[in-house]
Amino acid sequence: MTHELLTIGRISVDIYPNDIGVDLEDVTSFGKYLGGSPSNVAVAAARHGRRAGVITRTGDDAFGTYLHRELKKFNVDDTYVTPVKEWPTAVTFCAIKPATDEFPLYFYGRFPTAPDLQIRADELDLEAIREAGIFWSTVTGLCQEPSRTAHIKAHEARPRTGLKEGQFTILDLDYRPMFWASEEEARAEVAKILPHVTVAIGNDKECAVAVGEGTPDEQADRLLAAGVEIAVVKLGPEGVMAKSRTERVVSAPVPVQTVNGLGAGDSFGGAFCHGLLSGWPLAQVLDYANAAGAIVASRLSCADAMPTPDEVTSLLAERGRLVPGQFATEGAAL
Ligand SMILES: Nc1ncnc2c1ncn2[C@@H]1O[C@H](COP(=O)(O)OP(=O)(O)O)[C@@H](O)[C@H]1O
Ligand SMILES: O=C(O)C[C@@H](O)[C@H](O)C(=O)COP(=O)(O)O
């Protein structure tokens, strides 16, 4: 199977509160969901009809079984999801406090390591990585060995110069401070991957870790100077800005009632991939992904909340931002 999108990195069981607006110590019941940013991105793209797969590791346990079941349910290829014996599947709790726009994450089963940080270079199917329409990795995957070397090897196997028309290599600048000794350490690792990347996506804080403090424009310019073709700066409820060598595109906020800001970035990412694969102009890709992010921000969970194309276009239509025929997918690039 050739994947339209192949992601690599973490997977977890998200254990998210059913109680909204309270700190974790006051939560009385939780729901259980597939989670982990690059896995969510694969789910999001599959919801838009794309052939998506993920390279990751679970523990050899019941939560691992659950995650396989969920990936299959969402139509994500789990061929490259294998168990490690030594570590249990990671779980992630959060608190949901929309009134103050706070959604703190609490990672368990990631210290000193997690199964998905045990991905080894010698286990990779480099042919599948080379052939994928889009290959998506995250900065968190670089935080520890052997995952770090595996990520570098995967990227080296897919050099920018070897990409075919319509192929993209995306780095999600995703930065979780608890997994790093310092921002400088993360920046040094990002610098090793960037030469292979054609699209970099991050929020303003993540861009600062990757290429230093600055305005979104300055950060995008630095990413372009590092050789990427498209630099995307996500701005949460403020929308998104992207730059290529020839254009600067802003997609204005798509207002929604925020429930849980977590997962919006992954929804954005999966929808962004769908837009690139469809060959849409950058402005159109950004509007679509912006609305897809907003939808997940207005819902409780991450993977289970990923929207379908109809849900995205309906929201844009409701906001008076849909040009009829604009988001046709017939002309898929691959
Ligand atoms: N509360 C919100 N209201 C409307 N759109 C949102 C909201 N939160 C996120 N989005 C959309 O989703 C995108 C990604 O969300 P963001 O929070 O910036 O990413 P991340 O989760 O990676 O930090 C934003 O750029 C925006 O397009
Ligand atoms: O993996 C994580 O970082 C946390 C997960 O609980 C969650 O599923 C997630 O990935 C949220 O990512 P975001 O889209 O960057 O908010």
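Just so you know, these numbers come straight off a predicted model, no measurement behind them.

1. Some remarks on the site of ligand 1
Around ligand 1, the surrounding shell holds 19 residues, and the nearest of these are Lys 234, Ala 264, Gly 265, Gly 293 and Ala 294. The set of elements that each furnish at least two residues to the shell around ligand 1 consists of α8 (264-278) and α9 (282-297). When residues of the shell around ligand 1 are assigned to their parent elements, the largest contribution, four residues, is made by α9. Here the shell around ligand 1 is composed, by residue class, of ten nonpolar, eight polar and one charged.

2. With respect to the confidence of the model for the chain
Within the chain, residue pLDDT values average 96, and 98% of them lie at 70 or more. The model gives residues 330-334 a pLDDT under 50, and that stretch makes twelve contacts with residues more than four places away or in other chains. In the predicted complex, the global pTM is 0.97; the interface-specific ipTM is 0.97.

3. Focus: the UniProt feature "domain: Carbohydrate kinase PfkB" (unreviewed entry) in the chain
UniProt's feature table lists "domain: Carbohydrate kinase PfkB" (unreviewed entry) at residues 4-308, given in the numbering used throughout. The span residues 4-308 shows a helical share of 32% and a strand share of 22%, and its end C-alpha atoms are spaced 17 Å apart.

4. Remarks on the environment of Pro 38
Position of Pro 38 among the secondary structure elements: in helix α1 (residues 37-47). Note on Pro 38: 26 C-beta atoms within 10 Å, which makes it buried. Between the C-alpha atoms of Pro 38 and Gly 269, which are 231 residues apart in sequence, the distance is 9.0 Å.

5. A few points about the packing of α9 against helix α10 (residues 309-318)
Running from N to C, α9 and α10 point in directions that differ by 100 degrees, and their axes come no closer than 9 Å. On the basis of the axis angle, α9 is roughly perpendicular to α10. Packed against α9, whose contacting residues are Asp 287, Tyr 288, Ala 291, Ala 292, Ala 294 and Ile 295, the element α10 presents Glu 311, Val 312, Leu 315 and Leu 316 at the interface. Here the residues of the contact of α9 with α10 are counted per class, giving eight nonpolar, no polar and two charged.

6. Overview of the pairing of strand β2 (residues 12-17)
Of all the six residues making up β2, five are buried; the element is thus mostly covered by neighbouring parts of the structure. Pairing analysis gives six bridges linking β2 to strand β3 (residues 30-35), with the strands arranged antiparallel. When the bridges of β3 are listed, Val 13 appears paired with Leu 34. Here β2 pairs with strand β7 (residues 91-94) via three bridges, running parallel.

7. Quick notes on the sheet that holds β7
One open sheet accounts for four strands, arranged β3-β2-β7-β8; its pairing is mixed. Strands at the two margins of the open sheet, each flanked by one partner only, are β3 and β8 (105-108). Taken over all neighbouring pairs, the strand axes of this sheet differ in orientation by 25 degrees on average, direction set aside.

8. Focus: the nonpolar core
Counting residues in hydrophobic clusters, the biggest one holds 92 residues, and the most contacted among them are Ile 134 and Ala 200. If you tally residues by element for this core, the top one is α9, at eleven residues. Judged by nonpolar contacts, the second largest core, of five residues, contains Val 84, Trp 87, Ala 114 and Leu 117.

9. Focus on the site of ligand 2
In the vicinity of ligand 2 there are 17 residues, among which Gly 35, Ser 37, Thr 92, Gly 265 and Asp 266 approach most closely. Looking at the shell around ligand 2, the elements that each hand over two or more residues are β2, α1 and α8. With three residues, α8 is the largest single contributor of residues to the shell around ligand 2. Residues that form the shell around ligand 2 fall into these classes: four nonpolar, eight polar and five charged.

10. So, helix α7 (residues 216-225)
Owing to its 3.6 residues per turn, the α-helix aligns residues three or four sequence positions apart on the same side. Turning to α7, its buried residues are Pro 216, Gln 219, Ala 220 and Leu 223. Each buried residue of α7 sits inside an arc of 100 degrees when the element is viewed along its axis, so together they form one side. The secondary structure elements touched by the buried residues of α7 are β11 (199-203), α6 (204-211), β12 (230-234) and β13 (240-244). Backbone geometry just after α7 places Gly 227 at a positive phi near 110 degrees.

What counts and what doesn't
Residues numbered from 1 in each chain as written. Chains lettered and ligands numbered in written order. Predicted model: local features only at pLDDT ≥ 70, side-chain atom pairs only at ≥ 80, totals over all residues. Near = placed C-beta within 6 Å. Helix = DSSP H or I, 4+ residues; strand = E, 2+ residues; numbered from the N terminus. Nonpolar A, V, L, I, M, F, W, Y, C, P; charged D, E, K, R; others polar. pLDDT = per-residue confidence, 0-100. Contact = placed C-beta atoms within 7 Å. UniProt positions renumbered as here; feature names shortened; annotations may be inferred. Buried ≥ 20, exposed ≤ 12 C-beta atoms within 10 Å, placed from the backbone. Axes fitted to C-alpha atoms, helices over the stretch in contact; angles between N-to-C directions. Parallel < 35°, antiparallel > 145°, perpendicular 65-115°, else oblique. Pairing = 2+ DSSP bridges. Core = buried A, V, L, I, M, F, W, Y, C linked by C-beta atoms within 7 Å. Arc of directions from axis to C-beta.

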